Amino acid sequence: MSSTLSRTGLITRHLSTRSMTSASNPYPITLYTAQTPNGIKISILLEELGLPYNVRSISLDKAEQKESWFLDINPNGRIPALTDLSFGEGKGIHIFESGSILQYLVETYDKEHRLSYPHGTREYWETQEWLFFQNAGVGPMQGQANHFFRYAPEKIPYSIKRYQDETRRLYGVLNARLDSSKSGFLVGDKLTIADITTYGWVRSAGWAGVDIGDFPKLKEWEERLDEREGVKKGRDVPTPNKIKEMVKDTKAAEKEAEKARAWIVAEKE
(Lines give C-alpha, C1' and ligand atoms only; values in the text may rest on other atoms or scores of the structure.)
Protein backbone atom coordinates (compact mmCIF):
# COMPACT_ATOMS: atom_id res chain seq x y z
CA MET A 1 0.00 0.00 0.00
CA SER A 2 1.28 3.47 -0.76
CA SER A 3 0.17 6.96 0.14
CA THR A 4 1.01 10.35 -1.27
CA LEU A 5 1.71 13.59 0.52
CA SER A 6 1.17 16.80 -1.43
CA ARG A 7 3.65 19.45 -0.38
CA THR A 8 3.60 22.85 -2.06
CA GLY A 9 4.11 21.39 -5.47
CA LEU A 10 6.35 18.57 -4.23
CA ILE A 11 5.01 15.03 -4.03
CA THR A 12 6.75 12.61 -1.73
CA ARG A 13 5.53 9.05 -2.16
CA HIS A 14 5.85 6.40 0.54
CA LEU A 15 6.31 3.12 -1.28
CA SER A 16 5.94 -0.47 -0.20
CA THR A 17 7.69 -1.71 -3.35
CA ARG A 18 11.32 -2.79 -3.19
CA SER A 19 11.98 -2.23 -6.84
CA MET A 20 14.39 0.43 -8.04
CA THR A 21 12.81 0.59 -11.50
CA SER A 22 11.37 3.82 -12.84
CA ALA A 23 8.11 2.00 -13.57
CA SER A 24 7.45 1.46 -9.87
CA ASN A 25 8.95 4.70 -8.56
CA PRO A 26 7.63 7.93 -10.09
CA TYR A 27 10.86 9.89 -9.49
CA PRO A 28 14.52 9.12 -10.24
CA ILE A 29 15.58 9.59 -6.62
CA THR A 30 14.57 7.08 -3.95
CA LEU A 31 15.48 7.61 -0.31
CA TYR A 32 15.68 4.59 2.00
CA THR A 33 15.29 5.91 5.51
CA ALA A 34 13.86 5.78 9.03
CA GLN A 35 13.08 8.36 11.70
CA THR A 36 16.60 8.87 13.07
CA PRO A 37 19.01 11.85 13.26
CA ASN A 38 20.91 10.44 10.28
CA GLY A 39 17.81 9.58 8.29
CA ILE A 40 16.26 13.04 8.41
CA LYS A 41 19.43 14.71 7.13
CA ILE A 42 18.71 13.56 3.61
CA SER A 43 15.00 14.32 3.51
CA ILE A 44 15.68 17.81 4.88
CA LEU A 45 18.20 18.48 2.13
CA LEU A 46 15.88 17.10 -0.55
CA GLU A 47 13.09 19.35 0.70
CA GLU A 48 15.38 22.40 0.89
CA LEU A 49 16.51 21.73 -2.67
CA GLY A 50 12.91 21.23 -3.81
CA LEU A 51 13.70 17.87 -5.38
CA PRO A 52 10.91 15.30 -5.83
CA TYR A 53 11.78 11.90 -4.41
CA ASN A 54 10.37 8.53 -3.46
CA VAL A 55 10.57 7.38 0.15
CA ARG A 56 11.05 3.77 1.17
CA SER A 57 10.55 3.54 4.93
CA ILE A 58 12.87 0.91 6.43
CA SER A 59 11.66 -1.06 9.47
CA LEU A 60 14.72 -1.17 11.71
CA ASP A 61 12.96 -3.24 14.36
CA LYS A 62 12.40 -5.95 11.75
CA ALA A 63 16.04 -5.75 10.58
CA GLU A 64 14.87 -4.86 7.10
CA GLN A 65 18.17 -3.04 6.59
CA LYS A 66 19.92 -6.43 6.83
CA GLU A 67 17.89 -8.07 4.06
CA SER A 68 19.71 -9.00 0.88
CA TRP A 69 17.85 -6.53 -1.34
CA PHE A 70 18.91 -3.65 0.91
CA LEU A 71 22.49 -4.89 1.22
CA ASP A 72 22.69 -4.60 -2.56
CA ILE A 73 22.12 -0.87 -2.02
CA ASN A 74 24.18 -0.46 1.15
CA PRO A 75 26.46 -3.38 2.03
CA ASN A 76 26.86 -1.93 5.53
CA GLY A 77 23.18 -2.49 6.29
CA ARG A 78 22.45 0.98 7.64
CA ILE A 79 20.17 3.85 6.75
CA PRO A 80 20.05 6.25 5.05
CA ALA A 81 20.77 5.15 1.51
CA LEU A 82 19.78 6.68 -1.80
CA THR A 83 19.42 5.61 -5.39
CA ASP A 84 19.34 7.99 -8.35
CA LEU A 85 18.23 6.56 -11.68
CA SER A 86 19.18 9.73 -13.55
CA PHE A 87 22.88 9.14 -12.92
CA GLY A 88 25.08 7.83 -15.73
CA GLU A 89 22.60 8.26 -18.56
CA GLY A 90 19.95 6.26 -16.75
CA LYS A 91 22.22 3.50 -15.43
CA GLY A 92 21.61 4.70 -11.89
CA ILE A 93 23.75 4.82 -8.77
CA HIS A 94 23.52 3.73 -5.14
CA ILE A 95 24.88 6.11 -2.49
CA PHE A 96 25.25 5.25 1.19
CA GLU A 97 26.68 7.03 4.26
CA SER A 98 24.79 10.21 5.08
CA GLY A 99 27.75 12.53 4.48
CA SER A 100 28.35 11.07 1.03
CA ILE A 101 24.66 11.41 0.15
CA LEU A 102 24.63 15.06 1.24
CA GLN A 103 27.71 15.79 -0.85
CA TYR A 104 26.31 13.94 -3.85
CA LEU A 105 23.04 15.86 -3.77
CA VAL A 106 24.53 19.35 -3.55
CA GLU A 107 27.24 18.65 -6.11
CA THR A 108 24.73 17.12 -8.51
CA TYR A 109 21.65 19.27 -7.98
CA ASP A 110 22.73 22.57 -6.40
CA LYS A 111 24.44 24.12 -9.40
CA GLU A 112 23.27 27.58 -8.33
CA HIS A 113 24.86 27.11 -4.88
CA ARG A 114 21.76 27.97 -2.89
CA LEU A 115 22.89 25.59 -0.13
CA SER A 116 26.56 25.20 -1.02
CA TYR A 117 29.66 27.04 -2.18
CA PRO A 118 31.77 26.62 -5.32
CA HIS A 119 34.44 23.93 -5.13
CA GLY A 120 37.79 25.26 -3.95
CA THR A 121 36.48 28.30 -2.08
CA ARG A 122 37.20 28.86 1.59
CA GLU A 123 33.53 28.23 2.41
CA TYR A 124 33.55 24.97 0.46
CA TRP A 125 36.38 23.57 2.57
CA GLU A 126 34.87 24.90 5.80
CA THR A 127 31.67 23.07 4.90
CA GLN A 128 33.69 19.88 4.52
CA GLU A 129 35.30 20.45 7.91
CA TRP A 130 32.01 20.79 9.77
CA LEU A 131 30.38 18.00 7.79
CA PHE A 132 33.11 15.59 8.91
CA PHE A 133 33.12 17.07 12.42
CA GLN A 134 29.54 15.89 12.80
CA ASN A 135 29.89 12.57 11.00
CA ALA A 136 33.10 11.57 12.76
CA GLY A 137 32.52 13.28 16.10
CA VAL A 138 29.07 14.38 17.19
CA GLY A 139 27.17 11.45 15.67
CA PRO A 140 29.36 8.61 16.98
CA MET A 141 29.81 10.11 20.44
CA GLN A 142 26.18 11.09 20.91
CA GLY A 143 25.14 7.75 19.49
CA GLN A 144 27.12 6.02 22.23
CA ALA A 145 25.59 8.37 24.81
CA ASN A 146 22.16 7.33 23.51
CA HIS A 147 23.09 3.67 23.76
CA PHE A 148 24.41 3.64 27.30
CA PHE A 149 21.86 6.16 28.62
CA ARG A 150 18.76 4.64 26.99
CA TYR A 151 19.33 1.17 25.59
CA ALA A 152 22.13 -0.74 27.32
CA PRO A 153 20.81 -3.77 29.25
CA GLU A 154 22.76 -2.59 32.29
CA LYS A 155 23.52 0.93 33.49
CA ILE A 156 27.26 1.61 33.45
CA PRO A 157 27.85 5.05 35.04
CA TYR A 158 31.36 5.39 33.62
CA SER A 159 30.17 4.81 30.04
CA ILE A 160 27.18 7.12 30.38
CA LYS A 161 29.33 9.93 31.80
CA ARG A 162 32.13 9.44 29.27
CA TYR A 163 29.92 9.76 26.21
CA GLN A 164 27.64 12.44 27.61
CA ASP A 165 30.69 14.52 28.56
CA GLU A 166 32.23 14.07 25.11
CA THR A 167 28.94 15.07 23.48
CA ARG A 168 28.86 18.17 25.67
CA ARG A 169 32.44 18.98 24.69
CA LEU A 170 31.57 18.73 21.00
CA TYR A 171 28.46 20.85 21.55
CA GLY A 172 30.75 23.43 23.14
CA VAL A 173 32.81 23.53 19.94
CA LEU A 174 29.63 24.09 17.90
CA ASN A 175 28.42 26.72 20.35
CA ALA A 176 31.71 28.63 20.07
CA ARG A 177 31.60 28.44 16.28
CA LEU A 178 28.08 29.87 16.19
CA ASP A 179 28.99 32.56 18.72
CA SER A 180 31.58 33.84 16.26
CA SER A 181 29.27 33.53 13.24
CA LYS A 182 27.74 36.76 11.94
CA SER A 183 25.10 34.88 9.96
CA GLY A 184 24.03 32.37 12.60
CA PHE A 185 25.02 29.45 10.35
CA LEU A 186 28.01 27.17 10.72
CA VAL A 187 29.55 28.22 7.42
CA GLY A 188 29.30 31.45 5.49
CA ASP A 189 26.06 33.38 5.21
CA LYS A 190 23.54 30.62 4.48
CA LEU A 191 22.30 27.17 5.36
CA THR A 192 24.62 24.41 4.12
CA ILE A 193 24.96 20.68 4.56
CA ALA A 194 27.17 21.50 7.57
CA ASP A 195 24.04 22.72 9.35
CA ILE A 196 21.77 20.02 7.95
CA THR A 197 24.04 17.14 8.99
CA THR A 198 24.20 18.49 12.55
CA TYR A 199 20.58 19.52 13.10
CA GLY A 200 18.94 16.14 13.79
CA TRP A 201 21.52 15.22 16.39
CA VAL A 202 21.26 18.53 18.24
CA ARG A 203 17.48 18.27 18.15
CA SER A 204 17.86 14.89 19.89
CA ALA A 205 20.19 16.16 22.63
CA GLY A 206 17.70 15.37 25.39
CA TRP A 207 17.50 11.74 24.30
CA ALA A 208 21.20 11.44 25.14
CA GLY A 209 20.67 13.15 28.49
CA VAL A 210 22.31 16.40 27.35
CA ASP A 211 20.67 19.76 28.13
CA ILE A 212 20.74 21.96 25.03
CA GLY A 213 20.04 24.92 27.29
CA ASP A 214 23.68 24.77 28.41
CA PHE A 215 24.65 25.89 24.90
CA PRO A 216 22.71 29.11 24.18
CA LYS A 217 24.04 29.83 20.69
CA LEU A 218 23.51 26.23 19.61
CA LYS A 219 19.97 26.36 21.03
CA GLU A 220 19.24 29.57 19.09
CA TRP A 221 20.58 27.95 15.93
CA GLU A 222 18.40 24.88 16.42
CA GLU A 223 15.30 27.00 16.99
CA ARG A 224 16.05 29.05 13.88
CA LEU A 225 16.33 25.92 11.75
CA ASP A 226 13.15 24.57 13.34
CA GLU A 227 11.19 27.32 11.59
CA ARG A 228 12.42 26.65 8.06
CA GLU A 229 9.75 25.04 5.89
CA GLY A 230 12.17 22.60 4.29
CA VAL A 231 13.42 21.52 7.69
CA LYS A 232 9.89 21.11 9.05
CA LYS A 233 8.89 18.91 6.13
CA GLY A 234 12.11 16.93 5.94
CA ARG A 235 12.33 16.08 9.62
CA ASP A 236 8.92 14.39 9.44
CA VAL A 237 10.02 11.83 6.84
CA PRO A 238 9.18 8.98 6.87
CA THR A 239 7.18 9.54 10.10
CA PRO A 240 6.65 12.59 12.34
CA ASN A 241 9.66 13.58 14.43
CA LYS A 242 8.44 13.54 18.04
CA ILE A 243 11.74 13.43 19.90
CA LYS A 244 11.21 16.74 21.70
CA GLU A 245 7.80 15.72 23.00
CA MET A 246 9.01 12.26 23.96
CA VAL A 247 11.92 13.54 26.04
CA LYS A 248 9.50 15.61 28.13
CA ASP A 249 7.34 12.56 28.91
CA THR A 250 9.38 10.18 31.07
CA LYS A 251 6.97 7.27 30.76
CA ALA A 252 6.68 7.64 26.99
CA ALA A 253 10.48 7.89 26.68
CA GLU A 254 11.04 4.71 28.66
CA LYS A 255 8.36 2.88 26.69
CA GLU A 256 10.03 3.88 23.42
CA ALA A 257 13.48 2.96 24.74
CA GLU A 258 12.24 -0.44 25.88
CA LYS A 259 10.64 -1.04 22.50
CA ALA A 260 13.86 -0.20 20.68
CA ARG A 261 16.19 -1.88 23.17
CA ALA A 262 15.44 -5.38 21.97
CA TRP A 263 16.50 -4.88 18.37
CA ILE A 264 19.31 -2.41 19.13
CA VAL A 265 21.01 -4.75 21.60
CA ALA A 266 20.43 -7.74 19.34
CA GLU A 267 22.01 -5.91 16.40
CA LYS A 268 25.16 -5.19 18.40
CA GLU A 269 25.60 -8.78 19.56
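Definitions and cut-offs
Residues numbered from 1 in each chain as written. Predicted model: local features only at pLDDT ≥ 70, side-chain atom pairs only at ≥ 80, totals over all residues. Heavy atoms only, no water. Buried < 20%, exposed > 50% of the residue type's maximum accessible area, 1.4 Å probe, protein only. Helix = DSSP H or I, 4+ residues; strand = E, 2+ residues; numbered from the N terminus. Salt bridge = Lys/Arg side-chain N within 4 Å of Asp/Glu carboxyl O. pLDDT = per-residue confidence, 0-100. Contact = heavy atoms within 4.5 Å. Phe/Tyr/Trp six-rings, centres within 6.5 Å; stacked < 30°, edge-to-face > 60°. Lys NZ or Arg CZ within 6 Å of the ring centre and 35° of its normal.

A.B. asks: So what's going on with helix α6 (residues 193-203)? Residues and values would help.
C.D. replies: Counting buried positions over the 11 residues of α6 gives 11, a clear majority of the element. All buried positions along α6 are accounted for by I193, A194, D195, I196, T197, T198, Y199, G200, W201, V202 and R203.

A.B. asks: I'd love a proper account of the pattern of salt bridges, names of residues and values included.
C.D. replies: Going through the model one piece at a time under the given rule, you end up with 14 salt bridges. Between E222 and K244 there is a salt bridge, with its nearest N and O atoms 2.7 Å apart. Taken together, the residues E222 in helix α7 (residues 216-226) and K244 in helix α9 (residues 243-248) connect sequence positions 22 residues apart. Judged by relative accessible area, E222 falls into the buried class, the value being 2%. Judged by its relative accessible area of 25%, K244 falls in the partly exposed class. Put simply, K232 and E227 hold a salt bridge, and the shortest N to O gap is 3.8 Å. A network of salt bridges, in which partner residues are shared, links K161, D165 and R168.

A.B. asks: Could you give me a rundown of the confidence of the model for the protein, with the residues and numbers involved?
C.D. replies: Scored by pLDDT, the protein comes out at a mean of 91, with 90% of its residues at no less than 70. Counted against residues more than four places away or in other chains, residues 1-21, with its pLDDT under 50, gives 62 contacts.

A.B. asks: Describe the packing of aromatic side chains, with residues and values.
C.D. replies: One pass over the structure, following the stated rule, counts nine aromatic pairs. Between W130 and F133, the aromatic rings sit 5.1 Å apart at their centres with planes inclined by 65°, giving edge-to-face as the arrangement. Of this pair, W130 and F133 are both found in helix α4 (residues 122-151), three residues apart, which corresponds to roughly one turn of the helix. We classify W130 as buried; its relative accessible area is 11%. Grouping aromatic residues by their ring pairs yields a cluster made of Y32, W69 and F70. It is R150 that lies over the ring of W207; its NZ or CZ is 4.1 Å from the centre. Sitting over the face of the ring of Y117, K190 holds its NZ or CZ atom 4.3 Å from the ring centroid.

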